[in-house]
Amino acid sequence: MTIDSISEETIMHRREFVATMGTAAAVLSASKAFGAPANTAPAESMHPAKYKALEDATNHCISKGDACMRHCLGMLSMKDASMAGCTNAAYQMMAACGALRTLAAVNSPYVPALAKVIAQVCVDCQKECEKYPDVAECKACGDSCKTCAEECRKISA
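Reading the values: the criteria
- Residues numbered from 1 in each chain as written.
- Predicted model: local features only at pLDDT ≥ 70, side-chain atom pairs only at ≥ 80, totals over all residues.
- Heavy atoms only, no water.
- Helix = DSSP H or I, 4+ residues; strand = E, 2+ residues; numbered from the N terminus.
- Buried < 20%, exposed > 50% of the residue type's maximum accessible area, 1.4 Å probe, protein only.
- Contact = heavy atoms within 4.5 Å.
- Areas by Shrake-Rupley, 256 points an atom, 1.4 Å probe, with all protein chains shown as cover.
- pLDDT = per-residue confidence, 0-100.
- Axes fitted to C-alpha atoms, helices over the stretch in contact; angles between N-to-C directions.
- Parallel < 35°, antiparallel > 145°, perpendicular 65-115°, else oblique.
- Left-handed = near helix turned anticlockwise from the far one by under 90°.
- Expected span 1.5 Å × (residues − 1).

Caption draft 1: Structural view of the overall build of the protein. A tally of regular secondary structure across the protein gives five helices and zero strands. Seen in sequence order, the protein has helices and strands lined up from the N terminus as α-α-α-α-α. Looking at the protein residue by residue over its 157 residues, the buried ones come to 30%. Relative to all contacts within the protein whose residues are 6 or more apart in sequence, the contacts with residues 24 or more apart total 71%. Summing over all exposed atoms, the protein offers an accessible surface of approximately 10,500 Å²; the carbon and sulfur share of this is 61%.

Caption draft 2: Structural view of the confidence of the model for the protein. Put simply, the protein has an average pLDDT of 85, and 75% of its residues get 70 or more. Confidence, expressed as mean pLDDT per element, reaches its minimum in the protein at helix α1 (residues 8-34) with 63 and its maximum at helix α4 (residues 111-129) with 97.

Caption draft 3: How the structure looks around the packing of helix α3 (residues 84-105) against helix α5 (residues 136-156). In contact at an axis separation of 12 Å, α3 and α5 are set at 40° when each is read in the N-to-C sense. Taken together, the axes of α3 and α5 are oblique relative to one another. Helix-helix and strand crossings are classified by hand; for α3 and α5 the assignment is left-handed. Residue-level inspection shows Cys 86, Met 93, Cys 97 and Leu 100 of α3 in contact with α5, the latter providing Cys 138, Cys 141, Cys 145, Cys 148 and Cys 152.

Caption draft 4: Molecular detail of α4. Here α4 is 19 residues long and its end C-alpha atoms lie 25 Å apart, about the 27 Å a rise of 1.5 Å per residue gives. All buried positions along α4 are accounted for by Val 111, Ala 115, Ile 118, Ala 119, Cys 122, Val 123, Cys 125, Gln 126, Glu 128 and Cys 129. Residues of α4 that are buried make contact with α2 (52-77), α3 and α5.

Written out as structure tokens, the structure reads:
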């Protein structure tokens, strides 16, 4: 095979290949140069989470509230409104905990004041959920609300 028999299209593909490989090599070299050495411990955060336990508790409460809401809405779709109070309480708890979780994640100075109110929202939801001890979703939501209310009280005290 001679140089004359190689088409211009083939040469372009080789050039593109070489350029791509060069770019990949440069990226890999840069990532190693700017990355931390492999055997070092991660650096401590300059801005650690001040309310990590509260953030986790609100996140768990919202997750369990989702399951509770799914069950309650399923009951409502079957024309059974017996769990309307639980539906309302879970909805309000999820909205309130979502706001608190967001503020806790950024170490907001408003967290202690809001946590005091959210503790009561969680207690109210817990009471509604406790009316249905045989419904797994409601039991889990009520337990989670109890834990979240306790975390809120620690912060608001």
